Amino acid sequence: MSYENHSSDSSSASPFDRFDRFGFSHLLASTVVLVAATILLGVAAKATGSGLACDANWPLCDGGVLNLFPANFPSFFEWIHRVVAMVAGFFIIGTALAAWRTKAVDRSITYAVTLGLVLTPVQVTLGRETVLSYEMPILSLHFWTAVVIFALFVVSAILVWAHRLTTTHVTLALGVGAIAVPLHVVLSPLFIDSYTPVVQTAQYAAVLTLLSAVSLAAIVGRRRYDSPLLSSLVAATPVLAVAVLFLGRRAVMQFAPALDALYALTALVLFATLLAGTVLSRRAVPAAGEALAP
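Residues numbered from 1 in each chain as written. Predicted model: local features only at pLDDT ≥ 70, side-chain atom pairs only at ≥ 80, totals over all residues. Heavy atoms only, no water.

(A) Region of interest: helix α3 (residues 107-132). A rise of 1.5 Å per residue sets the reference length of α3, with its 26 residues, at 38 Å; its end C-alpha atoms lie 38 Å apart and thus fit the reference within 8%. Maximum bend of α3: about 30°, positioned at Leu 119, with proline Pro 121 one to four residues after it. Of the residues making up α3, those classed as buried are Ile 109, Thr 110, Ala 112, Val 113, Thr 114, Gly 116, Thr 120, Gln 123, Leu 126, Gly 127, Thr 130 and Val 131. Directly after α3, the chain includes Tyr 134, whose backbone phi takes a positive value near 55°. (Helix = DSSP H or I, 4+ residues; strand = E, 2+ residues; numbered from the N terminus. Expected span 1.5 Å × (residues − 1). Bend = angle between axes of the 7 residues up to and from the residue. Buried < 20%, exposed > 50% of the residue type's maximum accessible area, 1.4 Å probe, protein only.)

Spelled out as C-alpha cells, the structure:
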C-alpha cells in the first residue's frame with residue numbers, strides 16, 4: 001500500500017499515527033537535509049585537516065568541561081561536524097521508527113530507511129576510525145557509506161512525494177542535473193590548480209545535487225511518461241552519476257591522465273544524456289492520467 005492512497009478512520013487512529021500520516025514526509029525530507037549537511041561538513045573537515053583536530057580524540061574533543069567542547073577553530077569545525085552527525089543520527093532513528101509505525105508508508109520505503117538505520121552505526125564506527133587512524137581505505141569507506149545512506153533516504157523521500165511530482169519536476173530535475181555535471185568537473189583539479197576546502201565542499205555539494213536530481217528524474221520520469229526512449233535515458237542517469245562521482249574521486253587521489261580522460265568522457269556522456277532527457281521531457285506526451293499529480 002502506498003503512502004499517498006492510504007486512508008483510515010481518524011477517530012480510531014492514535015496521536016502517533018496521526019502525526020506520522022501528516023508529518024512523515026516532512027520528517028523524511030528533514031533527514032535528507034541533515035544527512036547531506038553531515039556529508040558536506042565531513043568533506044570540509046577532511047579538506048581543512050579538522051578531522052585530526054580535537055587532539056585526535058573521539059567522541060570527546062579537546063576543551064571545556066571533560067573535553068566535551070572544542071579548544072580552537074579546527075577543533076570547532078570537527079566538533080560541529082560531529083554535532084550535526086549526531087542530530088542526523090537521531091533523525092534517522094526517528095524516521096525509521098515512524099516508518100514502521102505509520103501504516104500508510106509503503107514497505108519498500110520502510111525497508112530503505114531501516115537499511116539506512118542499520119548502516120548508521122557502521123558509519124559512526126568508520127567516523128571514529130577516521131579520527132583514530134586516518135587511513136585512506138577507511139576514509140573512502142566512510143565516504144561511500146555516507147553516500148549510500150544519503151541515497152537511501154533521497155530515494156525514500158522521492159517515493160513518498162512522488163504522487164505530488166509532475167512532468168515539470170522531471171524536466172526541472174534533468175535540467176538541474178545537466179548544470180551540476182559541468183560544475184562538478186570545473187571544480188575538479190582538472191581545471192582548478194588550488195583545490196581548496198571551499199572548492200572541494202562546493203564540488204561535493206554539486207554531486208549531491210546531481211544524485212538527488214537524477215534519482216528524482218529516474219523514479220518519477222518512468223511513472224509520468226510512456227516514452228521508452230525517455231525512460232531509458234532517465235534510468236541510465238543514476239548509474240552514470242555514480243560513475244562520475246567514483247572517477248572524480250579517483251582523479252583527485254592520483255595523477256593518471258588516462259583516468260582523467262575517462263572521468264571527463266563519462267561526465268560528457270552524462271551531460272549529453274541529461275540534456276537530451278531535458279529536451280525530450282518537454283516534448284514527450286505524459287502517460288495517461290499522469291499529466292498532473294493526483
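(B) How the structure looks around the pattern of salt bridges. What the rule picks out here adds up to one salt bridge. One salt bridge connects Arg 128 with Glu 129, and the closest N-O pair in it is separated by 3.1 Å. Assessed through its relative accessible area of 31%, Arg 128 is described here as partly exposed. (Salt bridge = Lys/Arg side-chain N within 4 Å of Asp/Glu carboxyl O.)

(C) Focus on the packing of α3 against helix α4 (residues 136-161). Relative orientation of the contacting elements α3 and α4 amounts to 160°, with a least axis distance of 9 Å. Comparing their axes, α4 and α3 come out roughly antiparallel. By crossing handedness, the relation of α3 to α4 is classed as left-handed. Each residue belonging to the contact of α3 with α4 can be placed in one class, and the counts come to 16 nonpolar, nine polar and one charged. (Axes fitted to C-alpha atoms, helices over the stretch in contact; angles between N-to-C directions. Parallel < 35°, antiparallel > 145°, perpendicular 65-115°, else oblique. Left-handed = near helix turned anticlockwise from the far one by under 90°. Nonpolar A, V, L, I, M, F, W, Y, C, P; charged D, E, K, R; others polar.)

(D) Molecular detail of a nonpolar patch on the surface. Together, Met 86, Val 87, Phe 90, Ile 93 and Leu 97 make up an exposed nonpolar region whose accessible area comes to about 470 Å². Turning to its location among the elements, Val 87 is positioned in helix α2 (residues 73-101). (Patch = residues over 30% accessible without salt bridge, like charges linked within 9 Å, V, L, I, M, F, W, Y side chains within 5 Å. Areas by Shrake-Rupley, 256 points an atom, 1.4 Å probe, with all protein chains shown as cover.)

(E) Here's a closer look at the nonpolar core. Phe 24, Ile 39, Phe 150, Leu 210, Leu 270 and Leu 274 are the most contacted members of the largest nonpolar core, which totals 62 residues. For this core, the secondary-structure elements that each account for two or more residues are α1 (15-48), α2, α3, α4, α5 (167-186), α6 (197-224), α7 (228-253) and α8 (257-283). With twelve residues, α6 is the largest single contributor of residues to this core. Apart from the residues within four sequence positions on either side, Leu 274 is in contact with Leu 174, Gly 177, Ala 178, Val 181, Leu 210, Val 214 and Thr 237. (Core = buried A, V, L, I, M, F, W, Y, C linked by side-chain atoms within 4.5 Å. Contact = heavy atoms within 4.5 Å.)

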